[in-house]
Amino acid sequence: MSHYPHLFAPIRVRNVYIKNRIESAPMSASGDVPFYTREAYEMYDTIARGGAGIVTLGEAGVHSLTDHAHPTMPHLDDENLLPTLIQTVDTVHKWGALASIELTHSGCRAKGAFLAEGGYVIGPSPMEANLYGDKVIEMDEDMMNMIADAYAQAAYMAEFAGCDIVNIHGGHGWLISQFLSDLNNHRTDKYGGCIENKARFPLMIVDRIRQRCPNLIIEFRLSGEEDTEGGIPIEETVEFAKLLDGKVDIIHVSAATFHDTGTASRMFPSVFYPRGCNVENAAKIKAVVKESLVSVVGGINDPDYMESVLVDGKTDFVVVGRQFIADPDWPKKARMGKADEISKCIRCETCISAGFIPHVPFSSGVLRCTVNPAWGREYENTRKEEKPDRVKKVLVAGGGPGGMEAAITAARRGHNVILCEKSDHLAANLDYSKQLSFKKDIVEFLKSMMLRVQRTPNLELRLNTEVTEELILAEKPDVLIAACGAEPVNPPIPGLDRPIVHHITDLYKKHISVGKKVVIIGGGLAGSEEGLGLAWEGHDVTIVEMRDGLAKDAPYIHWRHLLTKLNESVHSYCSAKVLSVEENGVKIVDADGTELLLEADTVLVAAGMRGISAQLDSWHELAGEVIFVGDCRKASKIQEAMRTGYCAGLTI
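Keep in mind the model is a prediction, meaning the values are calculated, not measured.

Definitions and limits used
- Residues numbered from 1 in each chain as written.
- Predicted model: local features only at pLDDT ≥ 70, side-chain atom pairs only at ≥ 80, totals over all residues.
- Heavy atoms only, no water.
- Helix = DSSP H or I, 4+ residues; strand = E, 2+ residues; numbered from the N terminus.
- Buried < 20%, exposed > 50% of the residue type's maximum accessible area, 1.4 Å probe, protein only.
- Contact = heavy atoms within 4.5 Å.
- Areas by Shrake-Rupley, 256 points an atom, 1.4 Å probe, with all protein chains shown as cover.
- Lys, Arg positive; Asp, Glu negative; His and termini not counted.
- Charge placed at Lys NZ, Arg CZ, Asp CG, Glu CD.
- Core = buried A, V, L, I, M, F, W, Y, C linked by side-chain atoms within 4.5 Å.
- Pairing = 2+ DSSP bridges.
- Right-handed = clockwise from strand over helix to strand, strands pointing away.
- Axes fitted to C-alpha atoms, helices over the stretch in contact; angles between N-to-C directions.
- Parallel < 35°, antiparallel > 145°, perpendicular 65-115°, else oblique.
- Left-handed = near helix turned anticlockwise from the far one by under 90°.
- Nonpolar A, V, L, I, M, F, W, Y, C, P; charged D, E, K, R; others polar.
- Polar contact = N/O pair within 3.5 Å; in protein donor to acceptor, adjacent residues only side chain to side chain.
- Salt bridge = Lys/Arg side-chain N within 4 Å of Asp/Glu carboxyl O.
- Phe/Tyr/Trp six-rings, centres within 6.5 Å; stacked < 30°, edge-to-face > 60°.
- Expected span 1.5 Å × (residues − 1).

Here we come to the overall build of the protein chain. Assigned secondary structure in the protein chain consists of 21 helices and 27 strands. Along the longest, intermediate and shortest principal axes, the C-alpha atoms of the protein chain span 75 × 65 × 50 Å. The proportion of buried residues among the 652 residues of the protein chain is 59%. The long-range share in the protein chain, meaning contacts at least 24 apart out of those at least 6 apart in sequence, stands at 70%. Accessible surface, the protein chain as shown: approximately 25,700 Å² in total, 49% of it carbon and sulfur. For the protein chain, the distance from the average site of its 68 positive side-chain charges to the average site of its 89 negative ones is 4 Å.

Rendered as structure tokens:
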């Protein structure tokens, strides 16, 4: 039986065989130099080995004199790049995948400090100061010819290195889309105004590449719509697609623009967007093109859904980004009929936000994934998971994400593992995610983890079993992993013992009946998301936060979209202090120093959590080795629980 026959159907483009309809979205690897590092080889090798038909290398610049938005972005006008590019392409080809590379120019979003000596910033229209304060020079036709030739030369060099496809980045507010969008293109000559005029320079680039590389597959990435006032609408993109038809082999449909960073939550769809949020736009484009194929990206992570959009003829390829980070083996699992074991991306935006300069203080240069603790350490992990010198008995206390990951990793390496959870089901502390519509991604991820616990050899699961000193003495483990979670922090506020007050973690554990008017003390990520969920259920919610903003501990892109939703749905007081909880509400001092009483039927405390490792110090006397992971070690997020659990299981 063939699982997902359309998804895994081969196709030929320019008489080049592509083994399936799965393309990895352009993603850049960890690194601190503008070349393809060993970490990059391993990252793209991992994606290719997982089963992608096309593996796309992330942004590569074409003109160092005028283009640089990221300090470590490789540029294809530097021949010194060739050895590392060739080796990277070889790693992709090893697994029968095609290698693609995204060609880009940042245009008016370039940072002058990053440019080559003598460099200058250019764009379709002049600007006195861009995002970084640099003056932007309006491009004349000589400049357009120079850049079009640079694209062609970059494509030629990529083809020489073995790339099968070049992906021209014509979306997201980079140079090409700056010409296509009225947000940036204010010209009154033949390169501005109607879509035919705005398309002249982008089509010039496509034509130059085709002239230089007649046999190369060309994919053109565009924003179907920019999703902001005055930006490109889908109707105009459809007209542009007609102009592209036949000139490029694949039209790749994304969305949004860096011109408005608020749209990043559509560019990298957050939990508040439906999966496949660009599919209908792709279908509109596919309906009008006669020769070019169509690919679509946008929060797609489920092979059942991928199969359906292919069956319905809405697209020819599915493009997958963050899901390859969450589980690079997902195509292999789907093809083998094990789709239920895929670790689903939860769209937390951690991986994307890490490099979202200048909106985050630093670009870390290292990708991290909440649900895949191995991501970002690819080179290290090619020598990974060596069998232990001695098989040990491992007892894991706590069946949250950290405990499950520790147990799975240790058992996979060959240790004999007992995983104990005191409740009647795993991940009980994350039950809140079942109640919030925008947390269903976490629910799906946890389902796959639970299945892996059940199916991993050498792993015994004991529910309704609390790890005590007596149990430890009875089992005599060689290694004890404490993953017992954290406890709530209750700030010293008078009145917290009143009947209307509950800790936010008890909301679903104890099935609390919530009143009409709710005040939440604490506007971090947990308080903000729970407040939003309650507001959507019809409650009148007010959040009180000491800091100067809500959810400031959230990844940037998720934070931007969450803040929009919060502003639409809840009341909030930031830079405020809670004085006391009264019988009928919460007394606060707001940012202006005014004392207020916020009426409430229910008060929820979301003032944070703290690790409980100090309570377990006696365990050190009961086992040869004790390792604390997750919240038990230090109250944090799922990402830290997964990483500490993984490292615990890996190093035993």
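To continue, consider the nonpolar core. Counting 124 residues, the largest nonpolar core has Tyr36, Leu76, Ile101, Leu103, Phe201 and Ile481 as the members making the most contacts within it. At ten residues, helix α3 (residues 141–160) tops the list of elements feeding residues into this core. Residues Val271, Phe438, Tyr508 and Val514 belong to the second largest nonpolar core, which totals 24 residues.

The next subject is the pairing of strand β14 (residues 416–420). Counting buried positions over the five residues of β14 gives four, a clear majority of the element. The pairing of strand β13 (residues 393–397) with β14 spans five bridges and is classified as parallel. If you follow Lys393 over to β14, its bridge partner there is Asn416. The parallel pair β13 and β14 is bridged by helix α15 (residues 401–412), and the resulting crossover is right-handed.

With that settled, consider the sheet that holds strand β18 (residues 501–503). Sheets are built from strands paired through backbone hydrogen bonds, the pairs being either parallel or antiparallel. Taken together, the five strands give an open sheet; going across it, the order is β18-β25-β19-β20-β21, and neighbouring strands pair in parallel fashion. Looking along the sheet, the strands with just one partner apiece sit at the ends: β18 and β21 (571–573). Strand after strand, the sheet turns through a mean of 20° between neighbouring axes, direction not considered. Two strands pair when backbone bridges link them, and β18 and strand β25 (residues 602–605) are joined in this way by three bridges, in the parallel orientation. Of the residues in β25, the one forming a bridge with His502 is Leu604. Helix α19 (residues 525–536) rests against β19 (517–521), β20 (540–544) and β25 of the sheet, and its axis sits at about 165° to β20.

A separate point is the packing of helix α1 (residues 38–50) against helix α2 (residues 82–93). Taken N-terminus to C-terminus, the directions of α1 and α2 make an angle of 20°; their axes are 8 Å apart at the nearest point. Between α1 and α2, the angle falls in the class roughly parallel. When the axes of α1 and α2 are compared, the crossing they make is right-handed. Residues Tyr41, Tyr44, Asp45 and Ala48 of α1 lie in contact with α2, whose contacting residues are Thr84, Gln87, Thr88, Thr91 and Val92. Here the residues of the contact of α1 with α2 are counted per class, giving four nonpolar, four polar and one charged.

The subject of this paragraph is the side chain of Thr602. Mapped onto the elements, Thr602 comes out in strand β25. Looking at Thr602, the relative accessible area reads 3%, which means it is buried. At 2.8 Å, the side chain of Thr602 and the backbone nitrogen of Gly515 are in polar contact. The residues touching Thr602, leaving out its near neighbours within four places in the chain, are Ile500, His502, Ser513, Val514, Gly515, Lys517, Val518 and Val519.

Below, the discussion takes up the sheet that holds strand β16 (residues 479–482). The five strands lie next to each other as β15-β14-β13-β16-β27, forming an open sheet whose pairing is parallel. Every other strand in the sheet has two partners, leaving β15 (459–462) and β27 (625–628) as the edge strands with one partner each. Going across the sheet, the axis of each strand differs from the next one's by a mean of 15°, ignoring polarity. Note: β13 against β16, four bridges, orientation parallel. When the bridges of β16 are listed, Val396 appears paired with Ile481. Sheet strands in contact with α15 are β13, β14, β15 and β16, and its direction is about 165° off that of β14.

Let us look at the packing of α3 against helix α6 (residues 200–212). At a minimum axis separation of 8 Å, α3 and α6 run at an interaxial angle of 40°. Classed by the angle they form, the pair α3 and α6 counts as oblique. Two packed elements cross with a definite hand, and for α3 against α6 that hand is right-handed. Together, Met144, Asn145, Ile147, Ala148, Asp149, Tyr151, Ala152, Gln153, Ala155 and Tyr156 of α3 and Phe201, Met204, Ile205, Arg208, Ile209 and Arg212 of α6 make up the contact between the two elements. Considered class by class, the residues forming the contact of α3 with α6 number eleven nonpolar, two polar and three charged.

Let us look at the pattern of salt bridges. Taken as a whole and assessed by the stated rule, the structure comprises 35 salt bridges. Where Arg266 meets Asp227, a salt bridge forms, and the shortest distance between an N and an O atom there is 3.6 Å. Here Asp227 lies in the loop between β9 (217–223) and α7 (234–244) and Arg266 lies in helix α8 (residues 264–267), a separation of 39 residues in the sequence. Between Glu341 and Arg455 there is a salt bridge, and its shortest N-O distance comes to 2.7 Å. Of this pair, Glu341 sits in the loop between α12 (330–335) and α13 (350–353) while Arg455 is found in helix α16 (residues 440–455), placing the two residues 114 residues apart along the sequence. By sharing partners, the salt bridges in this structure join Lys393, Glu460, Arg462 and Glu475 into a single network.

Applying the stated criterion across every chain, the model contains eight aromatic pairs. A ring pair is formed by Phe272 and Phe438, whose centres lie 5.0 Å apart and whose planes are at 45°; its orientation type is tilted. Taken together, the residues span a long stretch of sequence, with Phe272 in the loop between α8 and α9 (279–286) and Phe438 in the loop between β14 and α16 at a distance of 166 residues. Using a relative accessible area of 15% as the deciding quantity, one classes Phe272 as buried.

Another point: helix α20 (residues 556–569). Helix length check: α20, at 14 residues, gives a terminal C-alpha distance of 20 Å against a target of 20 Å (1.5 Å per residue), a fit within 8%. Buried within α20 we find Tyr556, Ile557, His558, His561, Leu562, Lys565 and Leu566.

Attention now moves to the environment of Lys135. As for its position among the elements, Lys135 is in the loop between β6 (121–123) and β7 (136–138). Note: C-alpha distance between Lys135 and Lys332 (197 residues apart in sequence) is 49 Å. Dropping the residues within four chain positions of it, Lys135 is found in contact with Val121, Met127 and Glu128.

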